[in-house]
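The primary structure of each chain is shown beneath.
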Amino acid sequence: MSIIEAISSKANLKTIISYVTQDKKTKANLITGKDCLAESSLEEILYTKNLYHKNSGRQYIHIIQSFNSKDNLSAEEIHKAGIKLAEKFNGYQVLVATHIDKNHLHNHLIINSVSFENGYKIQMSKKDLQDLKDYSDKLCLEIGASVIPKKRENKLYKKK
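Residues numbered from 1 in each chain as written. Predicted model: local features only at pLDDT ≥ 70, side-chain atom pairs only at ≥ 80, totals over all residues. Heavy atoms only, no water.

Novice: Even after reading the chapter, I still don't get the overall build of the protein chain, so can you show me in this structure?
Specialist: Scanning the protein chain for helices and strands turns up four helices and five strands. Listing every helix and strand of the protein chain by position from the N terminus yields β-α-β-α-β-α-β-β-α. Seen through its C-alpha atoms, the protein chain measures out along the principal axes to roughly 60 × 45 × 25 Å. Pairs at least 24 residues apart make up 76% of the contacts formed inside the protein chain by residues separated by at least 6 positions. By element, 52% of the accessible surface of the protein chain is carried by carbon and sulfur atoms, the whole surface being about 9,900 Å². Separation of charge centres in the protein chain, based on 26 positive and 18 negative side chains, amounts to 10 Å. (Helix = DSSP H or I, 4+ residues; strand = E, 2+ residues; numbered from the N terminus. Contact = heavy atoms within 4.5 Å. Areas by Shrake-Rupley, 256 points an atom, 1.4 Å probe, with all protein chains shown as cover. Lys, Arg positive; Asp, Glu negative; His and termini not counted. Charge placed at Lys NZ, Arg CZ, Asp CG, Glu CD.)

Novice: What exactly am I supposed to notice about helix H1 (residues 13–20) here?
Specialist: Side chains that are three or four residues apart share a direction in an α-helix, a result of its 3.6 residues per turn. Listed in full, the buried residues belonging to H1 are Leu13, Ile16, Ile17 and Val20. Mapping the buried residues of H1 onto a view down its axis gives an arc of 100°, with all of them on the same face. Structurally, H1 contributes buried residues whose contacts are with helix H2 (41–51), strand E3 (60–66), strand E4 (94–99) and strand E5 (106–112). Between a side-chain oxygen at the N-terminus of H1 and the backbone nitrogen of Lys14 the separation is 3.1 Å; the capping residue is Asn12. (Buried < 20%, exposed > 50% of the residue type's maximum accessible area, 1.4 Å probe, protein only. Arc of directions from axis to C-beta. Polar contact = N/O pair within 3.5 Å; in protein donor to acceptor, adjacent residues only side chain to side chain.)

Novice: Can you walk me through the packing of H1 against H2 in this structure?
Specialist: Angle between the axes and distance between the axes are the two parameters that describe a pair of packed helices. Contact pair H1 / H2: the axes reach a minimum separation of 10 Å and the direction vectors enclose 155°. Looking at the two axes, H1 sits roughly antiparallel to H2. Between H1 and H2 lies a crossing of right-handed hand. Taking contact as the criterion, the partners of Leu13, Lys14 and Ile17 in H1 are, on H2, Ser41, Leu42, Ile45, Leu46 and Lys49. (Axes fitted to C-alpha atoms, helices over the stretch in contact; angles between N-to-C directions. Parallel < 35°, antiparallel > 145°, perpendicular 65-115°, else oblique. Left-handed = near helix turned anticlockwise from the far one by under 90°.)

Novice: It is not clear to me how the environment of Asn68 should be interpreted in this structure. Could you clarify?
Specialist: Within the secondary structure, Asn68 sits in the loop between E3 and helix H3 (75–86). Taking the C-alpha atoms as reference points, Asn68 and Ile3, 65 residues apart in sequence, are found 8.8 Å from one another.

Novice: Honestly, the nonpolar core in this entry has me stumped. Any pointers?
Specialist: The nonpolar side chains of soluble globular proteins are, as a tendency, buried together. Ile63, Leu85, Phe89, Val94, Leu109, Ile111 and Ile122 are the most contacted members of the largest nonpolar core, which totals 14 residues. For this core, the secondary structure elements donating two or more residues are E3, H3, E4, E5 and helix H4 (126–143). By size, the runner-up hydrophobic cluster in this structure holds twelve residues, among which are Leu13, Ile31, Leu42 and Tyr60. (Core = buried A, V, L, I, M, F, W, Y, C linked by side-chain atoms within 4.5 Å.)

Novice: What is the right way to look at the side chain of Lys25 in this model?
Specialist: Position of Lys25 relative to the elements: it lies in the loop between H1 and strand E2 (31–34). Only 3.0 Å separates the side chain of Lys25 from the side chain of Asp101, close enough to count as a polar contact. In this structure Lys25 touches Tyr19, Thr98, His99, Ile100 and Asp101, once residues within four positions along its chain are discounted.

Novice: Explanation requested: the pattern of salt bridges in the structure shown.
Specialist: Here the idea is simple: oppositely charged side chains can pair when their charged atoms come close. The full count for this structure, using the stated rule, is four salt bridges. For Asp131, the salt bridge identified is with Lys127, shortest N-O distance 2.9 Å. In this pair, Asp131 and Lys127 are both assigned in helix H4, four residues apart and thus about one turn of the helix distant. Judged by its relative accessible area of 36%, Asp131 falls in the partly exposed class. On the basis of relative accessible area, Lys127 is assigned to the exposed category, the value being 56%. (Salt bridge = Lys/Arg side-chain N within 4 Å of Asp/Glu carboxyl O.)

Laid out in structure tokens, this is it:
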């Protein structure tokens, strides 16, 4: 079953980008930048922050999109799903890295907290996260990945 998880991390931007791009966890063809080059993503993200004087507070959002090993998907298929998910973050630079070092392949999305279009900081409510999960489920079903079934709402009304 594929899942989406928002990770709360205290690591600085350089550390998290170094972590998700480690040679022992991924390959160069499984690292892609959206609205930035993968090779210079740290510098480009920092440039955006400096341009808008937004160097404090939350520096990035870290999303993990994990897949079930039983789905038998290739790393390339999973990476493409991660890139499509990154496209939901209009106006924000995103680094997508697919990790292949574990049984379950998974994507790391590192999203700049500052928009390169207008300098606004990203806002993610619970509803935004749910919308992202729903979109990820749609992408997963398109490539043949299993998803966690939605809970059916049980609406019982009591008569008074």
